[in-house]
Structure formats: structure tokens, C-alpha cells
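# Observations on chain architecture
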Number of protein chains: 4
Amino acid sequence: MGVLGARGKVGQAICAGVEAAADLELVAQVDKDDALDAFTAAGAEVVVDFTHPDVVMPNLKWLVENGFHAVVGTTGFDAERLEQVKGWLAAKPEVGVLIAPNFAIGAVLSMRFAEQAARFFDSVEVIELHHPNKADAPSGTAFRTAGLIAAAREKAGVGRSPDATSQELEGARGADVDGVRVHSVRLAGLVAHQEVLFGTQGETLTIRHDSLDRTSFVPGVLLGVRKTPLRPGLTVGIDPLLDL
Amino acid sequence: MGVLGARGKVGQAICAGVEAAADLELVAQVDKDDALDAFTAAGAEVVVDFTHPDVVMPNLKWLVENGFHAVVGTTGFDAERLEQVKGWLAAKPEVGVLIAPNFAIGAVLSMRFAEQAARFFDSVEVIELHHPNKADAPSGTAFRTAGLIAAAREKAGVGRSPDATSQELEGARGADVDGVRVHSVRLAGLVAHQEVLFGTQGETLTIRHDSLDRTSFVPGVLLGVRKTPLRPGLTVGIDPLLDL
Amino acid sequence: MGVLGARGKVGQAICAGVEAAADLELVAQVDKDDALDAFTAAGAEVVVDFTHPDVVMPNLKWLVENGFHAVVGTTGFDAERLEQVKGWLAAKPEVGVLIAPNFAIGAVLSMRFAEQAARFFDSVEVIELHHPNKADAPSGTAFRTAGLIAAAREKAGVGRSPDATSQELEGARGADVDGVRVHSVRLAGLVAHQEVLFGTQGETLTIRHDSLDRTSFVPGVLLGVRKTPLRPGLTVGIDPLLDL
Amino acid sequence: MGVLGARGKVGQAICAGVEAAADLELVAQVDKDDALDAFTAAGAEVVVDFTHPDVVMPNLKWLVENGFHAVVGTTGFDAERLEQVKGWLAAKPEVGVLIAPNFAIGAVLSMRFAEQAARFFDSVEVIELHHPNKADAPSGTAFRTAGLIAAAREKAGVGRSPDATSQELEGARGADVDGVRVHSVRLAGLVAHQEVLFGTQGETLTIRHDSLDRTSFVPGVLLGVRKTPLRPGLTVGIDPLLDL
């Protein structure tokens, strides 16, 4: 397999991950200024792309047209871009492309489990905890998690979490995301963490995800490299690869 | 619906739970010395049985033969007893019976999630924490959880959790249950708690279940009351009712 | 020792605690309608009072005048009442009276530790978690904890916790108590819990207190019974008894 | 101030920390092959030494003799070495030297709090969690923490934690360190973490320390730089600097 964007921080972590995996072989590392046909020369089957929204579209077009499966972590894919990718794939039905906004398996699983558990508990709240340099509160992941929980509860006809608060100091009860309370902690020393708390009579269930360093996407990328050749066409998000 | 064993601690908690549920009506409370046909007189559809292994079999036979759906939390059901129940049900194909060893939804979900997550992480360990009067270590739930995790990992071809320990004070690394390390904490003030910790490069996922009082079975029993009439035949464990 | 208010829920728990303690003997249980001189007849040395603000003052006056040490958990003591008690004690300099708003040793220690740790960390936030029937958010304990932390940081010249949030969904970052962010979670199944999180470069320190049932005051009351006879005069709060 | 061993990983982190501190100025960075009198030329007052046991003694001798205060994180100080340092300091009574095995303030505070809380709870256990490449179990810090707790309990006449375990799978209840149970978790993704759990009737207190990256010693070193000039003579460990 090959890596596009191999000399960036993320690319380097992926290259190190591939080297450490017994079943994968890294045959080509390409970065800007390098020619894409290095992948052809090296006989790569799958190419990982962590580059930049400005360059990812021509790269990806070339990869698909030349028959490479692609695992893409570059951001910036909106509906229009996804349609374009589908167009290219229509002409190459044997090629698989995976485009995912989040490769951290633990993060994806915790969202999935939260969604599954949502309708069985009277109460649910989300606490996300990050380093103090983060600009947005709540985090995008917490927003998405709360949205999934809210949708699952609505579908099952479960009402809002009970709450008798009648006297609140402004902000104490957190933000309201589709009816789910979300609390954002900002603390020096932390990286990226999230807890989903469910409660019902006499018991609670907590699903906690901790990102402790910035290489937590590597196992998900390797999973993508292994599974994408088996999934022709476009796959969005790593969830379908988990076979849950 | 009706309750058999209605004056025991568990039975009282169930009766209170039913009274609090808007969609269920408690029409008959029966305990030893009371006649079972109180259920007939009251027009019950479903009967909950939390009695004693010594009396549950004739009770259950009567309930099935008289066309009541049954939700059974009484313990002591081995393979032989389950076969007997199936026999009674063969003659009453429209009746549903649910027999479950654990009605705490949070406990059941956390086992299920642990099983699903097991193959995606390099490492997994279990910590269970209980009050200090508990006789066995690890707890039965921790044993079962570790077994499910080990089986899921074996099926997926995942090896043992990495461990470079070369110098161990006896017992520090916990008990080995099918290759999964299990740690048992006993602490005054606790009730029944369990954490399953998964880890891979740069991230961890923790699934924690806390039983804070002894009525945590009530929501699962109510779920059984609602769903069992829709499931003719024998159901063992509440997992199938969760539609995960 | 004796108990005043012995037939209330709290009083019963205290009586049970004393019975279980090898070094203490319960000689008199008094409730409304009983005469106070039962304590004299029984030869009590210390009397515990968990009664009602309406009756505690005459009770306590009688106890002091008759030479009993007193451990008081009844609420409603303002500055004026405390002055009155001091007046009675002036005439009985050998008598000790302990009046405390919170007898849970873990709660008191966690506040103390939070106060001590406050000036060593860049960041601090408080999360308190309670059952959903609670009317006020944040809890009184969280308010007091945040206040103690803020005062300790100000005294040491430590500034506010760093926070780059520029885009906040209203309430996400919690309530501001003297510059310390406090988050209030309300969840079915919970009792009363609090976490104080401190963070600095590369490390965090968390002090967590869990009240799992409503008898957590008992060990603190017993400590009061043992120590108050050694502390003539008025003691407010159990902190001084902890000899930290 | 100056740094000795400035080009090592630790030294670089300290230099970065000093540069970021408004009240400290970094005037000299020295490593092997550089002459020590760079500190004199630069007018340093305090010198931080994170070098190697083989070279620290002559370095430190030179620093004391030339009137520099020293903050030393280099390991390998036994009783004999400490006596030698005291000898040098006898001739330079105005000089302060701090030698500490652990500069992580959170770790030191959590040990201190654990020691203070130890005698107030019926039960105590320690869980330490580390990356799976660690050779020893329990960790040195957990050993030391358990020892401090055990000593505090013995001094206060508190017996062992209650434990009714009669049926144990070998290792489940952890290692026994001076009568305190210690559990060692090894998990990919983790760095270095420790929880001390205390429990008594109806409540628990948990003191948790998380090291999330390897620069958590920096704030403690800066504290040493600020405080050591005010403490002539030898100080061992940062505890005395915390003024608890």
C-alpha cells in the first residue's frame, strides 16, 4: 500500500503504523512535489490520503481512474464532492473508496453504543472534556453524539430526561442539544475525552472515550486499508467496516 | 398484570414500579398462601414471578396451562427445567414465557457492548467493584463478561492483550479468565459496579455499569411485561427483547 | 451515650451505628413525648441530637445545663443561635458541643483537599451529579467547594483557568461560581456525587466523592461522639475533629 | 536561571517551560561538553540538573561551591550521596539544594491526600493503570502510596479493610502491600494513572491522578526554581515546598 501526504505529522504516524503491522507492506510514500505514478511503479493496491481539501479531489480522481482503492481522511467532503466521487466510481465499479471524518475506532464505537442504549434509560447527559485551547463548546463529537441519542429516543417515543431543577445558576445545567444536556469541561493537561451517562432506577451506564494522543486514528486507518478493497464503491465513515 | 411473590422485597419493588407506569395496570398481588386463580378472577394477562426455586415450577405450569404470559426472575433454571417449560409451551403455542437471570438493563447492555468492542482493541481488562460482604471474586457478571470478550476475540483472531510485566508482586495483575485479566475491588460503601477497559494506540474506551440500589431490576421487568406477550414461546435472558 | 430524635430515619441509622461500634454504648433513646431526664437516669455522657429547628434550642440548653456533651446535626443554626449556645457553655466550661451541617467525612475531606490543591494547578472545574428530583443547581456543596477553591487561588495569586472558548452554545461551559466553572448533572439512578478536576501541564488530579446512600453521615456522627468530650466549648463543623 | 542537561528530552521540556513563565529568565543552557562556568558568566542564581547519576555528583559539588542554588531531578541519590551533599552545604550555609525523585505535583498531592484520608475509612484499595510496556507491577508509586496508607492506618489503630471473600480465583483480589490491596492494569493507549479508593458506610472518596504526557514534571521543577533559594540547606522531595 501507499501513503499520500506521507511527510505530514499524520502521514508519518500512518507510515509507522503500517510498518508495525505484520500483514501490510508500505511500498510508496508520496508527498506534494512527488509524482502520483510512484504508486503504479511500486505496485500499491490501496492508497491512504491525508492531504488537504485543496488538492484531494484531483488526487482522488487519479487514484480511482488508475484502479487504486483509497482510504481518505482529508476533510472538506460535502454532498457535492461525494457525488463527484460516486461519478468517478461509476466508471470503475471494482474500486473501493472510504472517506471518513473520524478514524478513531473508540470514538465511533462509543457513539454507536450511545445511540443503541439511548432508548432504555430515563435520563441521559453528555460530558465532554478537552484541553483549554479548544475554540468551540460543545465539541463537534459531543454535538453529533447528542443528536444521535435524541433521534433514537424520539424514534422510540422516549420523552426528555426528568429534571426538577427550579433554581439554576445560569449555565449550571449545561447546553441543550436537541433536548440532551451537554457539559463542556476545559482543563489544562487533558487531550480529548467524552462521557455519555445513562441512568434509570437504581443503575447507571457510562460510556467513556479517551483520546490520549493524536495518533488514535492509526488503527482505524489500518482497518480501512484492510477492508476497503472488499467494499467496491463509496463508503462514508468507518461504521460500516465494523460489522456491528 | 399480576405479581406472584408480591409481598417479598423484590415483589414490592415491582408492584411499586408497575403502579408508577402509566401503561400498565396491577390487578392482582399474590403470595404464598394465596390462590393462583386470583389472576383469573382479576383478568391479568401477564404475571411476574419472583418466588423461590422450590415453588416456581408448579406455579409456572399453572400459569402456562391457564394461558398467562409469564415473566420469571426466580433463579434455579437449569437445562432440564427449561426443557420442561418448553414442553408446557408446546401445548399452548400462543403463550410467551421470559426467564432471565439478570433484569438490569444496564448490566445486560454493558456485556453486549463489551462483546461488540472486544475485537477492535489491542488490550482489554475488567475491574469489578463490590461491597466487602461478597463471598466470590471475581463476581459472576465479571466472569461472564470476560468469557464473552475472550470468545469474541478468539473468533476474530485477536491475540492476548500485550503485557511486558516481568516482575510482579503476586496477584497484582489480577485473575486470568480465559486470557482476560479481571480485578476485584471490595470496598465498604459500594454496591455493585463494573468497568470494562479497552485500549489501543492513543485511545481507550471504558464501559462502566453502576448498580446503586437493589431495585435496578425493575425497568427490565417492566420491559419484559410489555414485550413478552409479543413473543410466544420461551425466551431466555432479556437480550432478545432489546432489539439491538 | 444517648440519642435525641431516636425514632426518626436519621436517628434510627445512628442508633444502629452505635450498636455496631464496639467502643460505644447506647444507653438511652429519646424522641418527642419522652422526658429528657431519661439521659440522666441512663448515665449518658454524650447525646446526639438530630431533631428539628423548632425544638433543638430548648433541648440543647437543657443538655448543656445538665452537663451532657452534645453532637448536633439538626439544621437551622445561624450566627444568633450559635451565640446563644456559646452563652450557655460559658457557664459550663467543661462541656463540649459540636454543631455540624455535614457529617459525611468523605465530603468534608474532599472539600479540604480541593482547597489545598487549588493553587497548584492552572485549571480547575467542578462537576456535581445528583438524582433528578433536586431543585437547585449547582448543589450547595458544589457552591461551597467552588468558593473555597476560588478563595485559595486568589490568596495565592493564581489567575483564572485558561479558556479559549470563542464559540459557545449557551450553558455548555457551566455556571461561573467566583470564577470557577461548575457543571450540574441530573440523572435517574444517582444519589449525590461530586468531582473536582484539576489540571496542569501533562497531568490531572481528580477528587471524587460519592454518597451512595443516606446513611453516610453515621461515621462522622460517631467520630463526633468520641471526640466532642475532649473539646470543651463550641465546635462548628467536623473539620477540626479530623486533625489534618 | 540555568539548565544542566539542557539538550536532553527532559532538559528541553524544562527550557520550554521556563521560557513560557513570565517570572523566570533562562540565561544559560549547558550540556555535556559545555563548561559549567557558563552559569557564572550568565549570572544564573538557580541551576536545574537533569543529567545522569554518573556525572551529577561533581556537577552538584561545583554548583554548591560556587554559590548556585540547585534543583536536581537526576536519579540515583542514596543515603550516602545525600550525606555528601549535606557536607558540601555545611560550608555554604546560604545555598539551597532540592533533590526530588518525582516532580509531578499531582502525584505528590495525591499521595499526601491518600495518607491524610487513610484513617477515616473502613476500606481502602489502590488501582494503578499503565501502558503495557511497563516491567514492574505494582508501579513504584503505587507501592509507596500503599505503604504510606498502611502506616497512617496502623498509627491510628485502624484495622485491615473488611473482606468476606471466601472463594477467589487466584489473583482476583490483587497484591497485598502492607495489608492494602493493589491492582495493576496494563492497557495499550494509557500512560500512567492511579486511583486510591476509600470507602465507609454509604460513601466513597476517590483520589485519581492521571499523567497524560511525559512533561508533567515541568510545573514542579518551576516551583523548585522559585522556592529553593528561600530554603537554605538540603530539601528532599517537593512536599515541603507545597506548604500544605
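Rules used in this analysis
Residues numbered from 1 in each chain as written. Chains lettered and ligands numbered in written order. Predicted model: local features only at pLDDT ≥ 70, side-chain atom pairs only at ≥ 80, totals over all residues. Heavy atoms only, no water. Contact = heavy atoms within 4.5 Å. Buried area = accessible area lost by both parts, 1.4 Å probe. Salt bridge = Lys/Arg side-chain N within 4 Å of Asp/Glu carboxyl O. Polar contact = N/O pair within 3.5 Å; in protein donor to acceptor, adjacent residues only side chain to side chain. Nonpolar A, V, L, I, M, F, W, Y, C, P; charged D, E, K, R; others polar. Helix = DSSP H or I, 4+ residues; strand = E, 2+ residues; numbered from the N terminus. Expected span 1.5 Å × (residues − 1). Buried < 20%, exposed > 50% of the residue type's maximum accessible area, 1.4 Å probe, protein only. Least-squares fit on C-alpha atoms with pLDDT ≥ 70 in both. Pairing = 2+ DSSP bridges. Axes fitted to C-alpha atoms, helices over the stretch in contact; angles between N-to-C directions. Phe/Tyr/Trp six-rings, centres within 6.5 Å; stacked < 30°, edge-to-face > 60°. UniProt positions renumbered as here; feature names shortened; annotations may be inferred.

### Some points on the interface of chain B and chain D
The extent of an interface is frequently quoted as the accessible surface area lost upon association of the parts. Taken together, the contact pairs 46 residues of chain B with 46 residues of chain D. Both sides of the chain B and chain D interface together cover about 3100 Å² of buried area, and 64% of this is carbon and sulfur. When the buried area of chain B at its contact with chain D is split by residue, Leu169, Leu187 and Ala188 of chain B rank highest and sum to 16% of it. Taken together, the connections running from chain B to chain D amount to 0 salt bridges. At the surface where chain B touches chain D, the tally comes to 22 residue pairs in polar contact (both at pLDDT 80 or more). Tallied by class, residues from the side of chain B that touches chain D come to 21 nonpolar, 14 polar and 11 charged.

### What to know about the environment of Gly147 of chain B
Looking at the element boundaries, Gly147 of chain B is found in helix H6 (residues 140-155). For the pair Gly147 of chain B and Glu115 of chain B, spaced 32 residues apart in sequence, the C-alpha separation works out to 9.2 Å.

### Section: helix H5 (residues 105-117) of chain A
With 13 residues, H5 of chain A should cover 18 Å at 1.5 Å per step; its first-to-last C-alpha distance of 18 Å lies within 8% of that length. What H5 of chain A keeps buried is the set Ile105, Gly106, Ala107, Val108, Leu109, Ser110, Met111, Phe113, Ala114, Gln116 and Ala117 of chain A. Buried positions along H5 of chain A lie against helix H6 (140-155), strand E11 (192-200), strand E12 (203-211) and helix H7 (218-227) of chain A together with helix H5 (105-117) and strand E12 (203-211) of chain B.

### Here's the deal with the relation of the copies chain C and chain A
With an RMSD of 0.1 Å, the operation that places chain C on chain A is a rotation of 180° combined with a shift of 0.0 Å along the axis. Expressed as a symmetry operation, the mapping of one chain copy onto the other fits a two-fold axis. Relative to the rotation axis, the closest C-alpha in chain C is found at Gly171 of chain C, a distance of 2.0 Å. A share of 100% of the interface residues of chain C reappears at the interface of chain A, consistent with the copies meeting face to face through the same patch.

### Remarks on the relation of the copies chain B and chain D
Superposing chain B onto chain D takes a rotation of 180° plus a shift of 0.0 Å along the axis, which leaves an RMSD of 0.0 Å. When the interface residues of chain B are mapped onto chain D, 100% of them again lie at the interface, so the same face is used by both copies.

### Observations regarding the sheet that holds strand E6 (residues 123-130) of chain D
A sheet is described by the order of its strands in space; here 10 strands give the open sequence E9(C)-E10(C)-E6(C)-E11(C)-E12(C)-E12(D)-E11(D)-E6(D)-E10(D)-E9(D), paired in mixed fashion. Each end of this open sheet is capped by a strand with a single partner; those strands are strand E9 (175-177) of chain C together with strand E9 (175-177) of chain D. Taking each pair of neighbouring strands and ignoring which way they run, the sheet shows an average axis angle of 20°. Pairing between E6 of chain D and strand E11 (residues 192-200) of chain D: 8 bridges, direction antiparallel. Pairing of Leu129 of chain D across the sheet is with His193 of chain D, part of E11 of chain D. Here helix H5 (residues 105-117) of chain C sits on the sheet in contact with strand E11 (192-200) and strand E12 (203-211) of chain C together with strand E12 (203-211) of chain D, set at roughly 30° to E12 of chain D.

### Quick notes on the environment of Thr145 of chain C
Residue and element names in this part refer to chain C. Assignment of secondary structure puts Thr145 in helix H6 (residues 140-155). Taking the C-alpha atoms as reference, Thr145 lies 7.6 Å from Glu115; in sequence the two are 30 residues apart. When neighbours within four sequence positions are excluded, Thr145 is seen to be in contact with Met111, Ala114, Gln194 and Val196.

### A few points about the packing of aromatic side chains
For any pair of aromatic rings, the description rests on two quantities: the centre-to-centre distance and the angle between the ring planes. In this structure the tally under the stated criterion is 22 aromatic pairs over all chains. Here the aromatic rings of Phe39 of chain A and Phe68 of chain A are separated by 6.2 Å at their centres, their planes lie at 65°, and the arrangement is edge-to-face. Of this pair, Phe39 of chain A sits in helix H2 (residues 38-42) while Phe68 of chain A sits in the loop between helix H3 (53-65) and strand E4 (69-72), and the two are 29 residues apart along the sequence. In this pair, the class of Phe39 of chain A matches that of Phe68 of chain A, namely buried. Ring centres of Phe50 of chain D and Phe217 of chain D lie 5.9 Å apart, and the angle between their planes is 35°; this geometry places the pair in the tilted category.

### Here's the deal with the UniProt feature "domain: Dihydrodipicolinate reductase N-terminal" (unreviewed entry) in chain A
With numbering aligned to this structure, UniProt lists the feature "domain: Dihydrodipicolinate reductase N-terminal" (unreviewed entry) at residues 2-103 of chain A. The distance from the first to the last C-alpha atom of residues 2-103 of chain A is 18 Å, and the span holds 41% helix and 18% strand.

### A closer look at the interface of chain C and chain A
Across the boundary between the two partners, chain C contributes 46 residues, which contact 46 residues of chain A. Counting the surface chain C buries against chain A, the share from its top three residues, Leu169, Leu187 and Ala188 of chain C, is 16%. At the junction of chain C and chain A, the tally comes to 22 residue pairs in polar contact (both at pLDDT 80 or more). Looking at the side of chain C that touches chain A, its residues break down into 21 nonpolar, 14 polar and 11 charged. The sheet contact formed by strand E8 (residues 167-168) of chain A and strand E7 (residues 136-137) of chain C spans 2 bridges and is parallel. Pairing of Gln167 of chain A across the sheet is with Asp136 of chain C, part of E7 of chain C.

### Some points on the sheet that holds strand E10 (residues 180-186) of chain B
The mixed open sheet is built from 10 strands, whose spatial order is E9(A)-E10(A)-E6(A)-E11(A)-E12(A)-E12(B)-E11(B)-E6(B)-E10(B)-E9(B). Sheet topology places strand E9 (175-177) of chain A together with strand E9 (175-177) of chain B at the edges, where each strand pairs with a single neighbour. Looking at each pair of strands side by side, their axes are set apart by 20° on average, direction ignored. Relative to E12 of chain B, E12 of chain A runs antiparallel, the two being bridged by 9 bridges. Among the inter-strand pairings, Ile207 of chain A is bridged to a residue of E12 of chain B, identified as Ile207 of chain B. This element, H5 of chain A, spans E11 and E12 of chain A together with E12 of chain B of the sheet and lies at about 30° to E12 of chain B. Sitting on the sheet, H5 of chain B is in contact with E12 of chain A together with strand E11 (192-200) and E12 of chain B, with an inclination near 30° to E12 of chain A.

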